[in-house]
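Here is what each chain is made of, one letter per residue.
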Amino acid sequence: MPQRCSGFRGSPHGSASAVDYRVGTLLYVSPAPMCAKLTAWPRVLSCGACATGLSWGMPAWVGNGSTLSPGGVQYHIDYLKGAKAVHNLSFDYIGIWNEAPWSKEYVVDLRAALDSAGMRGVQIVAADGGLDVVDAAATDDALAAAIGAFGVHAKYLPFDKNIQSLDKPYFNSENDVVDGVLPQWGGANSPGLGWPLAFILNYVQANGTATMLCPGFHGWNQNLGRHNHGHSFFNDPWSGFYQLGAPFFSQAQFTRFTRIGWRFIVSGSGQRSCGNLGSPAANLTGYTPNARCTVAVASLAPVDAADFTVVIVNQGTDAAIVPLQLSGGTVGIEPVRW
């Protein structure tokens, strides 16, 4: 493990473009002898904490056993109303059906029902699968208008030009990097490094602005199956025993060097040491999806640009050198080291 890490903090004045994120940063180590002062909990949202819902299933009596039905739409509306009335819980996003089929009719009907119920602010995330819903929305205005954000179930989001042209937020609606027996620490592809790295790569490679872990905590009974799933285990609460994995601790440090509302700076984020791109690799404007890059770089700053953080993650087995050029108000500032 590296003995020291370096970071730069100052005032990044200039004309660099930026994307608003909900961000947290962590002090983290890589398999190689270099530092990673990592990355983000990204969301293009104005709220400090947002609620997102996605159903795994519904009672068989709903819609006569059909989820994608008017009964399924009403079930979701009733759920949102009940959450507000009983628990004063408001949702910002609602999904379709976890890792399951979707239909245009259901998405459009759900949007209309939300509007009629006074929930215009609740956006639909479609559809926790692949990119087929994106392809459909690219040629269907009604479907595109009903969708608030695209959600793809993947370890790392793939780049898609249709998402860029539709100008919709792009979410990693379920990330399954974190899985297996704890502590989940190891080499470059372990969940300990892969989970926080997903936040950088989702943005740098695909302009993804949310990454969601399922489950956040493994808390169901041992008799229900599907274990070794998640970064922390609380499935024996009566005994007081629990387990915390490497991804839990890496996640817990996200806010050490950034705050909610910080932004990724496009011109200061990208990849290097790429097998078929040379060095440096391209950022969002020139990413090659099949590139195998071992170094990821992200630069983040608050909206008022009064501070900034540079994040470098090395997945390689060798040390890496990443040149940094500070400009504008950052010139002459003494970097802070961690």
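Conventions adopted
- For every chain, the first residue of the written sequence is number 1, and numbering continues from 1 along that sequence.
- For a predicted model such as this one, the threshold for reporting local features is a pLDDT of at least 70, and the threshold for listing and counting side-chain atom pairs is 80 or more; totals across whole chains, interfaces and linings nevertheless cover every residue.
- Hydrogen atoms and water are omitted, and side-chain values are computed over all heavy atoms in the structure.
- A run of H or I in DSSP counts as a helix once it spans at least four residues, and a run of E counts as a strand once it spans at least two, with each numbered from the N terminus.
- The buried label goes to any residue with under 20% of its type's maximum accessible area, the exposed label to any with over 50%, and the partly exposed label to all in between, with areas taken from a 1.4 Å probe on protein chains only.
- In what follows, a contact means two residues having at least one pair of non-hydrogen atoms within 4.5 Å.
- Areas reported as accessible are Shrake-Rupley estimates using a 1.4 Å probe. Residue values count occlusion only from the protein chains shown.
- Any two strands with at least two DSSP-identified bridges between them are counted as paired.
- Axes, fitted as lines to C-alpha atoms, cover a helix only where it is in contact. Angles between the N-to-C directions of the axes lie from 0 to 180 degrees.
- Every patch collects residues that have over 30% relative accessible area and no salt bridge, joining them within 9 Å if they carry like charges and within 5 Å if they are nonpolar side chains (Val, Leu, Ile, Met, Phe, Trp, Tyr).
- When a carboxyl oxygen of Asp or Glu lies within 4 Å of a side-chain nitrogen of Lys or Arg, that pair is called a salt bridge.
- By definition, a residue's bend is the angle between the axes fitted to the seven residues ending there and the seven starting there.
- Note on convention: near helix rotated counterclockwise from far helix by under a right angle means a left-handed crossing. Clockwise means right-handed.

Draft legend 1. Spatial organisation of the overall build of the protein. Helices and strands together make up the secondary structure of the protein, namely 7 helices and 15 strands. In the protein, buried positions account for 49% of the 338 residues. Put simply, 63% of the contacts in the protein that link residues at least 6 apart link residues at least 24 apart. Accessible surface, the protein as shown: approximately 15,600 Å² in total, 54% of it carbon and sulfur.

Draft legend 2. Summary view of the sheet that holds strand β8 (residues 170-175). Taken in spatial order, the 6 strands of this open sheet run β4-β5-β6-β7-β8-β9, and their pairing is parallel. Looking along the sheet, the strands with just one partner apiece sit at the ends: β4 (52-53) and β9 (210-213). The pairing of β8 with β9 spans 3 bridges and is parallel. Residue pairing across strands places N175 opposite L213, the latter belonging to β9. Relative to the sheet, helix α6 (residues 191-206) contacts β8 and β9, its axis offset from that of β9 by approximately 150°.

Draft legend 3. Inspection of a nonpolar patch on the surface at higher detail. On the surface, F217, F234 and Y242 cluster together into a nonpolar patch covering about 320 Å² of accessible area. In this fold, Y242 is placed in strand β11 (residues 241-244). Taking the relative accessible area as the measure of exposure, Y242 reaches 47% and is therefore partly exposed.

Draft legend 4. Here's a closer look at α6. In α6, a bend of some 40° at L197 exceeds every other bend along the element. One or two steps after α6, the chain reaches N207, where phi turns positive at roughly 60°.

Draft legend 5. Representation of the side chain of S190 in the model. Within the element layout of this structure, S190 appears in the loop between β8 and α6. A residue is classified by how much of its surface remains accessible, and S190, at 8% relative accessible area, is buried. Apart from the residues within four sequence positions on either side, S190 is in contact with Q184 and W185.

Draft legend 6. Local environment of the pattern of salt bridges. Enumeration over the complete set of coordinates arrives at 4 salt bridges. A salt bridge links D115 to R111, with the shortest nitrogen-to-oxygen separation between them at 2.9 Å. Of the two residues, D115 and R111 both sit in helix α2 (residues 104-116), 4 residues apart, roughly one turn of that helix. Between R120 and D115 there is a salt bridge, and its shortest N-O distance comes to 3.7 Å. Of the residues examined, R120 reaches a relative accessible area of 58% and is grouped as exposed.

Draft legend 7. Spatial organisation of the packing of helix α1 (residues 70-87) against α2. The geometry of α1 relative to α2 is characterised by a closest axis approach of 9 Å and an angle of 35° between their N-to-C directions. The two elements α1 and α2 cross, and the hand of that crossing is right-handed. Touching G72, V73, H76, I77 and L80 of α1 are Y106, D109, L110, A113 and L114, all from α2.

What is shown is where atoms sit, not what they do.
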